[in-house]
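# Chain and residue survey
If you want the building blocks of each chain, they are given just below.
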Amino acid sequence: MLVTTKEMFEKAQKGNYAIPAANFFDFNSARTYVETAEKLNKPLILAFAQAHMEEISLEEAALVGKYLAEKATVPVALHLDHGQDENIIKQAIDLGFSSVMIDASQDPIVKNIKRSKDIAEYAHQHGVVVEAEIGHVGTGNSYEFKETTDTIYTEVEETARFAVETGVDSLAVSIGTAHGEYKGIPKISFERLKEISNVVAIPLVLHGGSSSGDENLSKCAQGGISKINIFTDFIVAGMKSIEKHAPTDLFSLRKYVNEAMAETLTHYYEVFGTK
Ligand SMILES: [Zn+2]
């Protein structure tokens, strides 16, 4: 069934586990994630990133996502990932996404609060939940730079203020992960996560989950993170499977990719302890 993340997050917070947000970019990937969730009887956040609108349009993503979520036997939230443009976020809400992210994390804090608050008001009027981001989660290749400075880590007091002033439903925090692949394993600040989860009541979200290390992610899930975003690991697994099996026709190629993506999601359900 198509749901918001409200109830699944409440359960995750109580049970100290995280729910995977799997990024889809076509019908195959979306169906693979939903089928995997159904097979394992787990909740799913089916995420579509604004950045993937070149792969399929927002309208197509809404149709595919809603169709699969509505007929699913498990709770599925249809989530817009990294909405950076108010018009697109509002359009996603109007098209039936049950959850949206406003990513104004690159703006100064005052502007981030204002933009996140405005979207939260619009979304809540439509029964949709909102995720915002504070403290920017960068991309993997600039990761070395991040180790040398604390400023990319989300500030604790600012986060508490942000949650209250914006009225958003969940918050992506920056505690050491990055988007994409890493060279090596990232250094996650569990101390910072603990400090943040002590002062922020709303569910916390971790971006850049791919290749962050199972032990790291498991600790995050148990330590106050309710949603972990995975994208890169799915496409890497798909490519590895193609290399390994060297399929000679398109249908078996698609089958190998789907299987690899299903295995990856199954693996992360275990790592995150999702119930
Ligand atoms: Zn992200």
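Up top you'll find the structure we're talking about.
Here's a quick rundown of the structure. (Residues numbered from 1 in each chain as written. Predicted model: local features only at pLDDT ≥ 70, side-chain atom pairs only at ≥ 80, totals over all residues. Heavy atoms only, no water.)

### Comments concerning the side chain of aspartate 103
- Looking at the secondary structure, you find aspartate 103 in the loop between strand E5 (99–102) and helix H5 (109–125).
- In this structure, aspartate 103 is buried with no salt-bridge partner, the nearest side chain bearing the opposite charge being arginine 115 at 7.5 Å.
- Looking at aspartate 103, its side chain comes within polar contact range of the side chain of histidine 82, at 2.7 Å.
- Once residues within four sequence positions are removed from consideration, aspartate 103 is found in contact with His82, Gly83, Gln84 and Glu133. (Helix = DSSP H or I, 4+ residues; strand = E, 2+ residues; numbered from the N terminus. Buried < 20%, exposed > 50% of the residue type's maximum accessible area, 1.4 Å probe, protein only. Lys, Arg positive; Asp, Glu negative; His and termini not counted. Salt bridge = Lys/Arg side-chain N within 4 Å of Asp/Glu carboxyl O. Polar contact = N/O pair within 3.5 Å; in protein donor to acceptor, adjacent residues only side chain to side chain. Contact = heavy atoms within 4.5 Å.)

### Details of the coordination of the zinc ion
- Looking at the metal site, the zinc ion is ligated by His82 (NE2), His179 (NE2) and His207 (ND1), spaced 2.0 to 2.1 Å from it.
- Taken in sequence order, the residues that donate to the zinc ion follow the motif H-x96-H-x27-H. Of this pair, histidine 179 sits in the loop between strand E7 (170–173) and helix H8 (190–199) while histidine 207 is found in the loop between strand E8 (204–206) and helix H9 (214–222), placing the two residues 28 residues apart along the sequence.
- By relative accessible area, which is 22% here, histidine 179 ends up partly exposed.
- Histidine 207 gets classed as buried once you look at its relative accessible area, which sits at 1%. (Donors = N, O, S within 2.8 Å, 3.2 Å for Na, K, Ca; no water.)

### Details of the pairing of E5
- Here E5 shows no split at all, with Ser99 and Met101 on one side and Val100 and Ile102 on the other all buried.
- Two elements, strand E4 (residues 76–83) and E5, share three bridges in a ladder whose sense is parallel. What sits directly across from histidine 79, in E5, is serine 99.
- For the crossover that starts at E5, traverses H5 and ends in the parallel strand E6 (residues 129–134), the hand is right-handed. (Pairing = 2+ DSSP bridges. Right-handed = clockwise from strand over helix to strand, strands pointing away.)

### Thoughts on the nonpolar core
- Counting 67 residues, the largest nonpolar core has Phe24, Tyr33, Leu44, Phe97 and Val100 as the members making the most contacts within it.
- Counting residues per element, this core draws most heavily on helix H11 (residues 250–272), at seven residues.
- Apart from residues no more than four positions distant in its own chain, phenylalanine 24 is found in contact with Ser29, Ala30, Tyr33, Leu46, Ala47, Phe48, His52, Ile56, Ala61, Val64, Gly65 and Leu78. (Core = buried A, V, L, I, M, F, W, Y, C linked by side-chain atoms within 4.5 Å.)

### A short note on unusual backbone geometry
- Phi is positive for asparagine 16, which is not a glycine, with a value near 55 degrees.
- For asparagine 16, a relative accessible area of 45% corresponds to the partly exposed category.
- Located in the positive-phi region is histidine 82, a residue other than glycine, with phi close to 50 degrees.
- Tracing the chain through its elements places histidine 82 in strand E4.
- In this structure histidine 82 comes out as buried when scored by relative accessible area, which is 14%.

### Some details on the packing of helix H3 (residues 58–71) against helix H4 (residues 86–95)
- Running from amino to carboxyl end, H3 crosses H4 at an angle of 35 degrees, the nearest separation of the two axes being 10 Å. Pair H3 / H4 crosses with right-handed handedness. Only Ile88, Gln91, Ala92 and Leu95 of H4 make contact with H3, whose side of the interface consists of Leu58, Glu59, Ala62 and Lys66.
- Residue classes in the contact of H3 with H4 are distributed as five nonpolar, one polar and two charged. (Axes fitted to C-alpha atoms, helices over the stretch in contact; angles between N-to-C directions. Left-handed = near helix turned anticlockwise from the far one by under 90°. Nonpolar A, V, L, I, M, F, W, Y, C, P; charged D, E, K, R; others polar.)

### Some thoughts on the pattern of salt bridges
- Per the stated rule, a full pass over the model turns up ten salt bridges.
- The salt bridge involving lysine 11 is made with glutamate 7; its shortest N-O contact spans 3.5 Å. Of this pair, lysine 11 and glutamate 7 both sit in helix H1 (residues 6–15), separated by four residues, roughly a single helical turn.
- Using a relative accessible area of 52% as the deciding quantity, one classes glutamate 7 as exposed.
- Residue arginine 192 is joined to glutamate 195 by a salt bridge in which the shortest nitrogen-to-oxygen separation is 3.3 Å.

### Things to note about H4
- Along H4, the positions that sit buried rather than exposed are Ile88, Ile89, Ala92 and Ile93. Taken down its axis, H4 places every buried residue within 140 degrees of arc, on the same side. Exposed residues pointing more than 90 degrees away from the buried face of H4 are listed as Asn87 and Asp94.
- Measuring from the backbone nitrogen of asparagine 87 back to the side-chain oxygen at the start of H4 gives 2.9 Å, which picks out aspartate 85 as the cap.
- Phi turns positive, to about 110 degrees, at glycine 96, one or two residues after H4. (Arc of directions from axis to C-beta.)

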